[in-house]
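# Reading the structure
Residues per chain are reported as follows:
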Amino acid sequence: MRRLLAACLAALPLAGCIQLGPHQLQQDTVSYAQALGNAQNQQTLLNVVRLRYADSPSFLQTTQIISSYQLQQTLNAGLEAYPSAATSAGNYISGGLGGTFQQSPTFTLEPITGKNFAESFLRPFSPAELIPFVGGGIPVDILFRLDVQSINGLQNSSELGGADGLGSPDFFLLLYDLRLLQIGGVLDGGQVETKPASGKSPAQTKTILAIEPTDDPDLARVAAQARALLGMKPNEQTATVYYGTGKPPSGQIMLQTRPMLGILNQLAIQVEVPEADVKAGLTTPTLGTIGIAKHPVVVVHSGDKAPKDAFVSVKYGATWFWIANDDFNSKVAFSIVQTLLSLAQTSATPGTILTIPTS
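Residues numbered from 1 in each chain as written. Predicted model: local features only at pLDDT ≥ 70, side-chain atom pairs only at ≥ 80, totals over all residues. Heavy atoms only, no water.

### Observations regarding the overall build of the chain
Along the chain, the regular secondary structure elements total ten helices and twelve strands. Considering the chain as a whole, with its 359 residues, one finds that 37% of them fall into the buried category. In the chain, the proportion of contacts linking residues at least 24 apart, taken out of those at least 6 apart, comes to 65%. Total accessible area on the chain is roughly 19,900 Å²; 55% of this is exposed by carbon and sulfur atoms. (Helix = DSSP H or I, 4+ residues; strand = E, 2+ residues; numbered from the N terminus. Buried < 20%, exposed > 50% of the residue type's maximum accessible area, 1.4 Å probe, protein only. Contact = heavy atoms within 4.5 Å. Areas by Shrake-Rupley, 256 points an atom, 1.4 Å probe, with all protein chains shown as cover.)

### A look at the side chain of Asp277
One can find Asp277 in helix α9 (residues 275-279). One buried charged residue, Asp277, forms no salt bridge at all, with the nearest opposite charge on Arg52 at 8.9 Å. (Lys, Arg positive; Asp, Glu negative; His and termini not counted. Salt bridge = Lys/Arg side-chain N within 4 Å of Asp/Glu carboxyl O.)

### With respect to the sheet that holds strand β6 (residues 204-211)
The sheet built from six strands is open, its strands ordered β4-β3-β8-β7-β6-β5 with mixed pairing. Edge strands, defined here as strands with exactly one partner in the open sheet, are β4 (154-155) and β5 (187-194). Bridging between strand β7 (residues 238-243) and strand β8 (residues 252-257) involves four bridges; their strand directions are parallel. Bridging from a neighbouring strand, Thr240 pairs with Gln252 of β8. Against the sheet, helix α4 (residues 127-135) makes contact with β3 (148-151), β5, β6, β7 and β8, and its axis sits at roughly 130° relative to β5, the strand it touches most. (Pairing = 2+ DSSP bridges. Axes fitted to C-alpha atoms, helices over the stretch in contact; angles between N-to-C directions.)

### A few points about the sheet that holds strand β10 (residues 312-316)
An order of β9-β11-β10 is seen for the three strands of this open sheet, with the pairing classed as antiparallel. Here the strands that pair on one side only, and so sit at the sheet edges, are β9 (301-303) and β10. Sheet twist, expressed as the average angle between the axes of neighbouring strands with direction ignored, equals 25°. Pairing of β9 with strand β11 (residues 319-323), which is carried by three bridges, proceeds in the antiparallel orientation. Its bridge partner being in β11, Ser302 is matched across the sheet by Phe321.

### Quick word on the confidence of the model for the chain
When pLDDT is low, close inspection of the predicted coordinates is not appropriate. Of all residues in the chain, 74% have pLDDT values of 70 or greater, and the mean over the chain is 82. For the chain, per-element mean pLDDT is lowest for strand β12 (residues 354-357), which scores 50, and highest for β11, which scores 97. Low pLDDT (under 50) marks residues 348-355, which in the prediction has 15 contacts with non-local residues, meaning those over four places away or in another chain. (pLDDT = per-residue confidence, 0-100.)

### A word on the packing of helix α8 (residues 260-268) against helix α10 (residues 328-344)
Their axes nearest at 10 Å, the elements α8 and α10 cross at an angle of 155°. Here α8 lies roughly antiparallel to α10, going by the angle between them. Of the two elements, α8 crosses α10, and the hand of that crossing is left-handed. Across the interface between the two elements, Met260, Ile263, Leu264 and Leu267 of α8 pack against Val337, Leu340, Leu341 and Ala344 of α10. Its residues assigned to classes, the contact of α8 with α10 comprises eight nonpolar, no polar and no charged. (Parallel < 35°, antiparallel > 145°, perpendicular 65-115°, else oblique. Left-handed = near helix turned anticlockwise from the far one by under 90°. Nonpolar A, V, L, I, M, F, W, Y, C, P; charged D, E, K, R; others polar.)

### Describing the packing of helix α5 (residues 140-147) against helix α6 (residues 169-183)
Close contact between α5 and α6 brings their axes to 8 Å; oriented N to C, the two are set at 145°. Of the residues in α6, those touching α5 at Val140, Asp141, Phe144 and Arg145 are Phe171, Phe172, Leu175, Leu178, Arg179 and Gln182.

### A look at the nonpolar core
Counting 67 residues, the largest nonpolar core has Phe144, Ile151, Leu181, Leu230, Met260 and Leu340 as its most contacted members. Top contributing element to this core by residue count: α10, with eight residues. Among residues more than four places away in sequence, those in contact with Leu181 are Val186, Leu187, Ile211, Leu219, Val222, Ala223 and Ala226. (Core = buried A, V, L, I, M, F, W, Y, C linked by side-chain atoms within 4.5 Å.)

### Some thoughts on the pairing of β8
Examined bridge by bridge, β3 and β8 share three bridges and lie antiparallel to one another. Across the sheet, Ser150 pairs through a bridge with Gln256, a residue of β8.

### Things to note about the pattern of salt bridges
By the definition in use, this model includes four salt bridges. The salt bridge involving Arg50 is made with Asp55; its shortest N-O contact spans 3.4 Å. When its relative accessible area of 21% is taken as the criterion, Arg50 is described as partly exposed. A relative accessible area of 25% places Asp55 in the partly exposed class. One salt bridge connects Arg123 with Glu129, and the closest N-O pair in it is separated by 3.1 Å. Overall, Glu129 belongs to the partly exposed group, its relative accessible area being 22%. Connected through salt bridges with shared partners, the residues Glu119, Arg123 and Glu129 form a single ionic network.

Structure below.
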């Protein structure tokens, strides 16, 4: 009996020794990051589908996640002894262990509306925002097909343009060449500072696209063709990139980019939709890819039920829409869309804020 009492009393200090914080921090960081990524994927796909049905897109930005925990533990022990009892049967020990655990996560969501919406979704990306992705390793062919409408007058295809949006074969040939050069490690892009010769004027920042020299004869031929399509001289290694249209002088590249809403609209027009929805007048027939672009950038399927292993899926009305998990090209392109969406969203003084406490 004494040993049992000693054991209970020895366990009392353990009530405050559980290291909840470090373990919970590790678990929450991974869990919330994964949940936030999945939620953003679903929101983007849902807005693409909404645009397909001429429905207004709606964007909520998660601005804050707070997860608080409270752990309370109690331990009690007691001994009842009766020395006058004839036997020890009258003596007994009592004890108890209890505890409560509470989790109180709170999410703050900010709708993107008004001027903030215009800045985020209606403003074309600048070359200074886009070109560094090339140097960062983002596949240049997918990036430019999504967000570039023209390069030096060479037109990208536009599903929204119908027969007039076929695009230029040289545009897609240029994308193919640039991707080969990027894989070969001779294509770079970013921003550089230039100092005027006088030294009196402040340094200026320029956005450049660079095609570096190579000893590989195959890459050298590709580089020569890419330079010709970009209007660069045969031995020219860099060109300054500006926003605009038309054919600029040698050493300059005119890049006409799309706004974020334009990218989403281009994706929306190629979403597969049920024939019944078309007959009911809910949406228009799905357009096949036009011109030299033989495959949609992102393939979105539709049906009565989404596969369990879909990369991302959402339900709109009575129909499920999804991107297949084994469609690697669509997943890469959709991830680039998400990256551009994060870049497009501007921070502003919050207006309407929706805070959701959960229990």
